Amino acid sequence: MAPVVPRSGDSIFANLEHVNAELFTLTYGAIVRQLITDLEEVDEVNKQLDQMGYNIGVRLIDEFLAKSNISRCVDFKETAEVIAKVGFKMFLGVTASVINWDADGTSCSIVLEDNPLVDFVELPDNCQGLHYCNILSGVLRGALEMVSMKTEVTWVRDMLRGDDVYELNVKLLKQVPEEYPYKDDE
């Protein structure tokens, strides 16, 4: 039997059911708008988007692992590359790149040149502190926590604020050892 090879983000994306991109973008925009109306404080909206993303990431990792045939990554560097090349392509249809590694290999930036969440979006002046796509930082944090990596994910650059790309800084805080629910009898 031939070994199972990981599938590329392109091949996975091509075989998944798709939601209309405009519907997805407009629905996300409506959610953000409603949060702004309900919570009134931009910092609270940022926290809520991050928490929503975290909850999504906790569940999304199962689908990612099931459909991508990715085996366990050996380190944080490989994990970041898989997220950028396979994960973002699989779920958003875009490819990201990983840059700016620190010397320890525990911090990097994931750069998106295209982001389907921001089509049709202009931030009003009263929302300049809003991290419109903060749901993505929560998704990364939640998914990585489910594979035993406690991380901190923050926005560095955002095209909605006039930058040239979207850049997320991902910092590994702790590699959590896996715990098994049962101990072997000796």
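Check the entry above for the structure.
As a starting point, this report considers the structure included with it. Nothing here was measured: the structure is a model prediction, and the numbers come from that model.

1. Some words on the overall build of the protein chain
Check the secondary structure of the protein chain and you find 5 helices and 4 strands. Helices and strands appear in the protein chain in the N-to-C order α-α-α-α-β-β-α-β-β. Evaluated residue by residue, the protein chain yields a buried proportion of 42% over its 186 residues. Residue pairs in contact within the protein chain that sit at least 24 positions apart in sequence constitute 60% of those at least 6 positions apart.

2. Some points on the environment of Gly-142
Tracing the sequence through the fold places Gly-142 in helix H5 (residues 134-146). Residue classification places Gly-142 among the buried positions, given a relative accessible area of 0%. Separated by 82 residues in sequence, Gly-142 and Leu-60 have C-alpha atoms that sit 8.7 Å apart. Residues within four places of Gly-142 in sequence aside, it is in contact with Tyr-54, Gly-57 and Val-58.

3. With respect to the packing of helix H3 (residues 42-68) against helix H4 (residues 76-92)
In contact at an axis separation of 11 Å, H3 and H4 are set at 100° when each is read in the N-to-C sense. Considered as vectors, H3 and H4 are oriented roughly perpendicular to each other. Seen from H3, the contacting residues are Leu-60, Glu-63, Phe-64, Lys-67 and Ser-68; seen from H4, they are Val-82, Val-86, Gly-87, Met-90 and Phe-91. Taken together, the residues of the contact of H3 with H4 sort by class into 6 nonpolar, 2 polar and 2 charged.

4. Remarks on the packing of aromatic side chains
The relation between two aromatic rings is expressed through the spacing of the ring centres and the mutual angle of the planes. Under the definition given, this model contains 2 aromatic pairs. Residues Tyr-28 and Tyr-132 carry aromatic rings whose centres are separated by 5.3 Å and whose planes lie at 90° to one another, so their mutual orientation is edge-to-face. Separated by 104 residues along the polypeptide, Tyr-28 in helix H2 (residues 21-39) and Tyr-132 in the loop between strand E2 (107-112) and H5 bring together distant segments of the chain. A single burial state applies to Tyr-28 and to Tyr-132, both of which are buried. An angle of 85° between the planes, with centres 5.8 Å apart, marks the rings of Phe-76 and Trp-101 as edge-to-face. Placement of Phe-76 in helix H4 and of Trp-101 in the loop between strand E1 (96-99) and E2 is noted, with a sequence separation of 25 residues between them. A residue is classified by how much of its surface remains accessible, and Phe-76, at 5% relative accessible area, is buried.

5. Description of the side chain of Asp-158
Tracing the chain through its elements places Asp-158 in the loop between strand E3 (149-157) and strand E4 (166-175). Buried charged residue Asp-158 carries no salt bridge. Nearest counter-charge: Arg-161, at 4.3 Å. A polar contact of 2.9 Å, which involves the side chain of Asp-158, links it to the backbone nitrogen of Leu-160. Once residues lying within four places of it in the same chain are set aside, the contact partners of Asp-158 are Asp-163, Val-165 and Tyr-166.

6. Details of unusual backbone geometry
Not every positive phi belongs to a glycine, and Asn-100 is a case in point at roughly 55°. Residues other than glycine seldom take positive phi values, yet Ser-148 does so here, at roughly 70°.

7. Digging into the nonpolar core
Phe-88, Ile-110, Leu-130, Tyr-132, Leu-136, Leu-140 and Val-170 are the most contacted members of the largest nonpolar core, which has 39 residues in total. Contributions of two or more residues to this core are made by H2, H3, H4, E1, E2, H5, E3 and E4. No other element matches the 6 residues that H4 contributes to this core. Beyond its immediate chain neighbours, meaning those up to four positions away, Leu-130 contacts Val-32, Ile-36, Val-42, Val-45, Asn-46, Leu-49, Leu-123 and Arg-161.

About the thresholds
Residues numbered from 1 in each chain as written. Predicted model: local features only at pLDDT ≥ 70, side-chain atom pairs only at ≥ 80, totals over all residues. Heavy atoms only, no water. Helix = DSSP H or I, 4+ residues; strand = E, 2+ residues; numbered from the N terminus. Buried < 20%, exposed > 50% of the residue type's maximum accessible area, 1.4 Å probe, protein only. Contact = heavy atoms within 4.5 Å. Axes fitted to C-alpha atoms, helices over the stretch in contact; angles between N-to-C directions. Parallel < 35°, antiparallel > 145°, perpendicular 65-115°, else oblique. Nonpolar A, V, L, I, M, F, W, Y, C, P; charged D, E, K, R; others polar. Phe/Tyr/Trp six-rings, centres within 6.5 Å; stacked < 30°, edge-to-face > 60°. Lys, Arg positive; Asp, Glu negative; His and termini not counted. Salt bridge = Lys/Arg side-chain N within 4 Å of Asp/Glu carboxyl O. Polar contact = N/O pair within 3.5 Å; in protein donor to acceptor, adjacent residues only side chain to side chain. Core = buried A, V, L, I, M, F, W, Y, C linked by side-chain atoms within 4.5 Å.

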